[in-house]
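Residues per chain are reported as follows:
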Amino acid sequence: MKSSVIYTEEAVKRIRKEQEHNLKKYLDEASWWREKTTEDLKALIFPPSMKRSQFVLSYGDCPVCQEPVLMYDWIIDPFNHPWKVRCPHCKKLFPDDKEYIDDGYGYKGKHEDKYMFMGYYLLFGQWEKLIYEGIKKLSDAYVVSGDTEYAVRAGALLDRLSDFYPDYDYMSQGVMYEEEYKSEGYIGYWVMSCNEIMDLALCYDMIRKTLNKDIREKIEEKIFNDALKNRPKIESNYPNTDMAIMIIKMVLKYPEEEYMKDFHEIMKTGTKVDGITGEKGIGGYTTIIIRSLYKLLCLLSLEDEDNLTNILNKYPVLHKTFKFHINIMYMNRYIPNVGDCGYFAAPLKELPDILNHEQKDAFPFMHSKEWFLYKLYEAYNDPDFVKALYLSK
């Protein structure tokens, strides 16, 4: 069996101990997929020829009640209403087989607007909620329980996904703001594809030892090596693409010096201006490097917590990185919201970087923010990190 690289035996032992009280939660969350056969799960995967859309109609309304339903306001529940999207106002389900028919290329409304009911469902229902979430929930359940039935099902989804993955091409198959040939990506557009390839690589690392050699090689070549060869499909906000490439290299067992060279480049570029990238948008885009480094440092410390201390000592600029928003905060409530990040004097509920509890993009079983901030306090002997933690409560 090929051992895991990130979710090693030591890391999994720690995770199971820490998550023992949450075991039922993880198993409950994976139960829908656990009850399916591997063939049932493989049948969820759709071919690249099926058109996907980021929105039903980005500026649109409901064809029935005429109330505005913009961008992501349509409701999708694939478990109870498969292949349907629901208006949040009148609760009408679309499409139907009488008046509001969508053959996969959209329903044409009275003003010639095209409502992409099926394309939207395919992306945010079939892919996001059934396939992608299924892989994550099953992999998590396997790590905390050790029950290989969860790993077998996650592996079946990855195996079948690999049959199509190189041929997914959002540029030629997707719709963005009612336009085709607009955005790079795989199943979804580039931001989604970049975040998803990181999660898929980590899920694969969790379950890899349960897979046979042929399936491992197929998944590695057709999903992860394909992503390495097609950077434009995962080109996202800095440093996420570089981080994705680094994680893939780790999972594929590249030499440590090679993926740590990637890490050094991220550190060099990502902290060049006061510990951050210099990107505008203090409450928005500026935070991306901070949250990304938090995630990456936690990942590198998953097996051995001393790794974080060693990195913090090697790169003292990280003191500036993680203290950036603390230093510019006024009255514990305001920062100068300059750039693409809302309005200037907007009061904060909490700091917008790693303490932003609205962020749902954490890697599986990461160390807590509380643990991380206390490690910063220990490394730099700076009580402001503990104060920031207190103020966030």
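Here, every reference points to the structure presented above.
A few points on the structure. (Residues numbered from 1 in each chain as written. Predicted model: local features only at pLDDT ≥ 70, side-chain atom pairs only at ≥ 80, totals over all residues. Heavy atoms only, no water.)

### A word on the nonpolar core
- One finds Y7, W74, L161, F224, I247, L318 and F322 to be the most contacted residues of the largest nonpolar core, which totals 119 residues.
- Tallying contributions element by element places helix α5 (residues 117-145) first for this core, with 17 residues.
- Apart from residues lying up to four places away in sequence, W74 is in contact with V56, D61, C62, P63, V69, V85, R86, C87, F94, F117 and Y120. (Core = buried A, V, L, I, M, F, W, Y, C linked by side-chain atoms within 4.5 Å. Buried < 20%, exposed > 50% of the residue type's maximum accessible area, 1.4 Å probe, protein only. Helix = DSSP H or I, 4+ residues; strand = E, 2+ residues; numbered from the N terminus. Contact = heavy atoms within 4.5 Å.)

### A look at the packing of aromatic side chains
- A complete count under the given rule lists 28 aromatic pairs for this structure.
- With a centroid separation of 5.8 Å and 85 degrees between ring planes, the pair formed by W33 and F79 is classed as edge-to-face. You can see W33 sitting in helix α3 (residues 31-34) and its partner F79 sitting in the loop between β1 (52-53) and β2 (85-86), a full 46 residues away along the chain.
- A relative accessible area of 35% places F79 in the partly exposed class.
- Measuring from ring centre to ring centre gives 5.9 Å for Y107 and Y115, while their planes differ by 45 degrees; the resulting arrangement is tilted.
- Residue class for Y115 comes out buried when judged on its relative accessible area of 6%. (Phe/Tyr/Trp six-rings, centres within 6.5 Å; stacked < 30°, edge-to-face > 60°.)

### With respect to the state of the cysteines
- Counted by the stated rule, this structure contains zero disulfides.
- Free of any disulfide, C87 has its nearest cysteine sulfur in C62, 3.7 Å distant.
- Residue class for C87 comes out buried when judged on its relative accessible area of 0%.
- Cysteine C203 is unpaired, with the sulfur of C194 as its nearest cysteine sulfur at 15 Å. (Disulfide = S-S within 2.5 Å.)

### Overview of the environment of G146
- Its location among the elements puts G146 in the loop between α5 and α6 (148-164).
- Look at G146 and you get partly exposed, because its relative accessible area is 31%.
- Spatially, the C-alpha atom of G146 lies 22 Å from that of L300, the residues being 154 residues apart in sequence.
- Setting aside anything within four residues of it in sequence, one finds G146 in contact with R16 and A141.

### What to know about the layout of surface pockets
- By volume, the second largest pocket is sized at about 300 Å³.
- As for the second largest pocket, its lining consists of 15 residues, and the residues nearest its centre are M250, E256, Y259, L300 and N307.
- When residues of the lining of the second largest pocket are traced back to their parent elements, those giving at least two are α11 (256-270), α12 (286-300) and α13 (306-314).
- For the lining of the second largest pocket, the per-class residue count stands at nine nonpolar, three polar and three charged. (1 Å grid on protein atoms, 1.4 Å probe; cavity = no way out; pocket = protein on both sides within 12 Å on 5 of 7 lines; lining within 4 Å. Points joined across faces, edges and corners; volume = space filled by probe spheres on them. Nonpolar A, V, L, I, M, F, W, Y, C, P; charged D, E, K, R; others polar.)

### Structural notes on unusual backbone geometry
- Going from F94 to P95, the amide bond is cis rather than trans, its omega being -10 degrees.
- Inspection of the secondary structure puts P95 in the loop between β3 (93-94) and β4 (107-108).
- At the junction of Y238 and P239, the peptide bond is cis and its omega measures out at 5 degrees in the coordinates.
- One non-glycine residue with positive phi stands out, namely Q66, at about 70 degrees.
- Assignment of secondary structure puts Q66 in the loop between β1 and β2.

### Thoughts on the sheet that holds strand β7 (residues 179-180)
- Strands sit in the order β1-β6-β7 across an open sheet of three strands; the sheet is mixed. In the strand order of this sheet, the two ends are held by β1 and β7, each with one partner.
- Inspection of the sheet shows strand β6 (residues 174-176) paired to β7 by two bridges, in the antiparallel sense. The partner of M176 across the bridge, within β7, is E179. (Pairing = 2+ DSSP bridges.)

### Re α5
- The sharpest bend along α5 reaches about 40 degrees and sits at E128.
- When you tally the buried positions in α5, you get 25 out of 29 residues, the bulk of the element.
- Phi turns positive one or two residues past the end of α5, at G146, with a value near 80 degrees. (Bend = angle between axes of the 7 residues up to and from the residue.)

### Re α13
- Among the residues of α13, L308, I311 and L312 are the ones counted as buried. Taken end-on, α13 shows its buried residues confined to a sector of 100 degrees, consistent with a single buried face. With respect to the buried face of α13, the exposed residues turned more than 90 degrees away are N313 and K314.
- Buried residues in α13 make contact with α11, α12, α14 (318-327) and α15 (369-380). (Arc of directions from axis to C-beta.)

### Some thoughts on the packing of α6 against helix α9 (residues 213-229)
- The N-to-C vectors of α6 and α9 enclose an angle of 50 degrees; their axes lie 9 Å apart at closest approach. One finds that α6 runs oblique with respect to α9. Crossing hand, α6 versus α9: left-handed. From α6, G155, L158, D159, L161, S162 and D163 reach across to α9, where they touch I215, K218, I219, K222 and I223.
- Taken together, the residues that form the contact of α6 with α9 break down as five nonpolar, two polar and four charged. (Axes fitted to C-alpha atoms, helices over the stretch in contact; angles between N-to-C directions. Parallel < 35°, antiparallel > 145°, perpendicular 65-115°, else oblique. Left-handed = near helix turned anticlockwise from the far one by under 90°.)

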